[in-house]
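So you can see what is in the structure, the chains are spelled out below.
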Amino acid sequence: MHISEGVLPGWLLASGYAATACGVALGLKKLDHSRIPVAGLLSAVFFVASLVHVPVGVGSVHLILNGLAGIILGWIVFPVLLVGLFLQAVLFQFGGLTVLGVNTFNMAFPAVIAYYICKPLLKKQSKAYILIGSFLAAIIAIMGAGFLVAGELLATGESFKETAKLIVLLHIPVAAIEGVINFFILLFLKRVAPEILEEWK
Amino acid sequence: MKKVLFNLFLFWASVFLSSLAFAHKISAFLDVEGNKVTVYSYFSDGTPVKKGQVEVYDSTGKLILKGQTDLNGKFVFTVPKPDNYKVVVNAELGHRAVAEVKKEDFTGEEEQIAEKSEEPGKKQEQLDVTASISENKLRQIVREELKRELKPIHQELLGIKKELSSVSFKDVFSGLGWILGIFGGAALVYARKNGK
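Attention in this report is confined to the structure presented alongside it. None of the values given here were measured: they were computed from a predicted structure.

**Topic: the overall build of chain B**
Helices and strands together make up the secondary structure of chain B, namely four helices and seven strands. Ordered by position from N to C terminus, the α and β elements of chain B give α-β-β-β-β-β-β-β-α-α-α. The buried share among the 196 residues of chain B stands at 19%. Restricting the contact set of chain B to residue pairs at least 6 apart, pairs at least 24 apart contribute 52%.

Right, here's the structure in full:
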């Protein structure tokens, strides 16, 4: 769901950077020494996830995993995704540097929303809650990013309804796969290292 | 804690290594023959861009024509005159690729009309036994032969350009290295902060 260079107008690119800057600042405030390894790992996971593609209809889409990162990191997902997206732009020409602010916001903000909605579910012991939380996080994070992209593409003259419909349809398999991935990883973490799933103060 | 991280890493390494297809920007490649330009557009995992919108601009920035790629990611157009042209391909969801073709890439294919005007004057010499080919005909033959010889080389170049634009393991590993470095650096900074 990376938007390429040269698609969006300048004012939108600047606003993206401004919004991302706020998110990153908040994220860095919440970051502390003990959480750096998890943050680094999730950044690597996100970085590599975009290479795992899912053929869908006319083209192909890729895994994002912002839901997983969000539900574990909260606001810290902003600097984590910024690093991942920056490297993807520089090394794979995936997305772009002028549009880095917009792309980061698109993927990080819904992830934070997923955090607030799904984190409480992780505190419960029952596996059913973790399952629900996993799928919910995947859906909120991915479709949320999709709606943001559709909204931004409005500025290029694309119809919001058409684009949003297309994005949602294309990413249903991705959301399903990520729901499953989230479930297994969160289950594993809850069993082996539950402190990672604690809420950040 | 370390065990958890290591296991997560292993899981991820296996998932990603098992999917050797790399996603997700689009690229556009141009092939020129005479005054005909063929546009090939692909996602970086090789999937062709189907029904992508194509816009062609001349060197003054004017939009001279629009079109759509077919189901193989191909679009063909002819140019009115040799010039520096810019081709922009737009796929859905904000994917965009730009390719350029230079004036020099267009081989001039002059019509052999000049041949006819020579006929009357040269009638005498054409009765010679040694069949002489007019210069223009010779040029045409050479051009056609060259085109045939160069076509496979052309295709190979396109293939190389396509490979260059796709993602390689090298890039992935360097990216992971950078992430390690950045977060390692952050750990250092935070450790110093905590120390004080």
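Once you've had a look at it, read on.
**Quick notes on the sheet that holds strand β2 (residues 36-43) of chain B**
Residue and element names in this part refer to chain B. The three strands lie next to each other as β1-β2-β5, forming an open sheet whose pairing is antiparallel. Across the chains shown, the open sheet's two edge strands, defined by having one partner strand only, are β1 (26-33) and β5 (74-78). When strand polarity is set aside, the average angle formed by the axes of neighbouring strands in this sheet is 20°. Across five bridges, the pairing between β2 and β5 is antiparallel. Residue pairing in the sheet places T38 in a bridge with V76 of β5. Against the sheet, helix α3 (residues 135-165) touches β1 and β2, its axis set at about 165° to β1.

**Notes on the packing of helix α1 (residues 10-30) of chain A against helix α4 (residues 77-92) of chain A**
All names here are of chain A. α4 packs onto α1 with a crossing angle of 120° between their chain directions and a minimal axis gap of 7 Å. By the angle between their axes, α1 is oblique relative to α4. Residue-level inspection shows T20, G23, V24, L26, G27 and L28 of α1 in contact with α4, the latter providing V77, F78, P79 and L82. A breakdown of the residues in the contact of α1 with α4 according to their chemical character gives seven nonpolar, three polar and no charged.

**What about α4 of chain A?**
With 16 residues, α4 of chain A extends 21 Å from end C-alpha to end C-alpha; this agrees with the ideal 22 Å at 1.5 Å per step. Burial analysis of α4 of chain A places 13 of its 16 residues in the buried class, which makes it a mostly covered element.

**Focus: the nonpolar core**
With 81 residues, the main nonpolar core has L42, A69, V77, V80 and L81 of chain A as its most contacted residues. Of all the secondary structure elements, the ones that give two or more residues to this core are α1, α2 (36-49), α3 (66-73), α4, α5 (100-123), α6 (127-153) and α7 (160-192) of chain A together with α4 (169-195) of chain B. With residues up to four places along the chain from it excluded, the contact list for V77 of chain A reads G27, N66, A69, G70, A108, A111 and V112 of chain A. Of all hydrophobic cores here, the second largest spans 16 residues; its members include V39, V56, V87 and A91 of chain B.

**Digging into α2 of chain A**
Over its 14 residues, α2 of chain A runs 20 Å from end to end, which matches the ideal 20 Å to within 8%, given 1.5 Å per residue. Of all 14 residues in α2 of chain A, 13 are buried; the element is thus mostly enclosed.

**Focus on the environment of S60 of chain A**
All names here are of chain A. Note on placement: S60 falls in strand β2 (residues 59-62). Taking the number of C-beta atoms within 10 Å as the measure of exposure, S60 has 18 and is therefore partly exposed. As for S60 and L170, which are separated by 110 residues in sequence, their C-alpha atoms are 8.1 Å apart.

**Things to note about the sheet that holds strand β7 (residues 95-101) of chain B**
Strands belonging to one sheet form pairs held by backbone hydrogen bonds; the direction of such a pair is parallel or antiparallel. Residue and element names in this part refer to chain B. Strands sit in the order β4-β3-β6-β7 across an open sheet of four strands; the sheet is antiparallel. Each edge of the open sheet carries a strand with a single partner, namely β4 (63-68) and β7. Shown here is a sheet whose adjacent strand axes are inclined to one another by a mean of 20°, direction ignored. Note: strand β6 (residues 85-91) against β7, seven bridges, orientation antiparallel. Looking at β7, one finds that V88 is bridged to V98.

**Quick word on unusual backbone geometry**
Of note in this structure, Q93 of chain A is not a glycine but carries a positive phi near 50°. With respect to the helices and strands, the residue Q93 of chain A is situated in the loop between α4 and α5. Despite not being glycine, K51 of chain B has its phi angle at roughly 55°, a positive value. Note on placement: K51 of chain B falls in the loop between β2 and β3 (53-57).

**Remarks on the environment of V142 of chain B**
Mapping V142 of chain B onto the fold places it in helix α3. In this structure the C-alpha to C-alpha distance between V142 of chain B and V101 of chain B, which are 41 residues apart in sequence, comes to 24 Å.

**What about the packing of α2 of chain A against α3 of chain A?**
Residues and elements named next belong to chain A. Interhelical geometry of α2 versus α3 gives an angle of 170° and a closest axis separation of 10 Å. If you check the angle between α2 and α3, you find them roughly antiparallel. Within the contact between the two elements, α2 uses V38, A39, L42 and F46 and α3 uses N66, A69, I72 and L73.

**Describing the environment of E33 of chain B**
Residues and elements named next belong to chain B. Checked against the element boundaries, E33 lands in strand β1. The partly exposed category is assigned to E33, around which 15 C-beta atoms lie within 10 Å. For E33 and D105, which are 72 residues apart along the polypeptide, the C-alpha to C-alpha distance reads 8.7 Å.

Rules behind the numbers
Residue positions within a chain follow its written sequence, with the count starting from 1. Going through the entries in the order they are written, you letter the chains from A and number the ligands from 1. In keeping with the predicted nature of the model, local features appear solely for residues at pLDDT of at least 70, side-chain atom pairs appear and are counted solely at 80 or more, and the whole-chain, interface and lining totals rest on all residues. Runs of H or I in DSSP of at least four residues are treated as helices and runs of E of at least two as strands, each being numbered from the N terminus. Whether a residue is buried, exposed or partly exposed follows from its count of other C-beta atoms within 10 Å of its own C-beta, namely 20 or more, 12 or fewer, or something in between, respectively; the C-beta atoms are built from the backbone. For the purpose of contact definition, each residue receives a C-beta atom placed from its backbone, and two residues are in contact when these atoms lie within 7 Å. A pair of strands is considered paired only if DSSP assigns at least 2 bridges between the two. Axes here refer to lines fitted to C-alpha atoms; in helices the fit is confined to the stretch in contact. Angles between the N-to-C directions go from 0 to 180 degrees. Angle categories are assigned with fixed cut-offs, so that under 35 degrees is roughly parallel, over 145 is roughly antiparallel, 65 to 115 is roughly perpendicular, and the rest are oblique. Only Asp, Glu, Lys and Arg are considered charged in this grouping, and only Ala, Val, Leu, Ile, Met, Phe, Trp, Tyr, Cys and Pro are considered nonpolar; every other residue, Gly among them, is considered polar. What a helix is expected to span follows from its residue count: subtract one and scale by 1.5 Å. The nonpolar core criterion groups buried Ala, Val, Leu, Ile, Met, Phe, Trp, Tyr and Cys residues into a set whenever they are joined through C-beta atoms within 7 Å.

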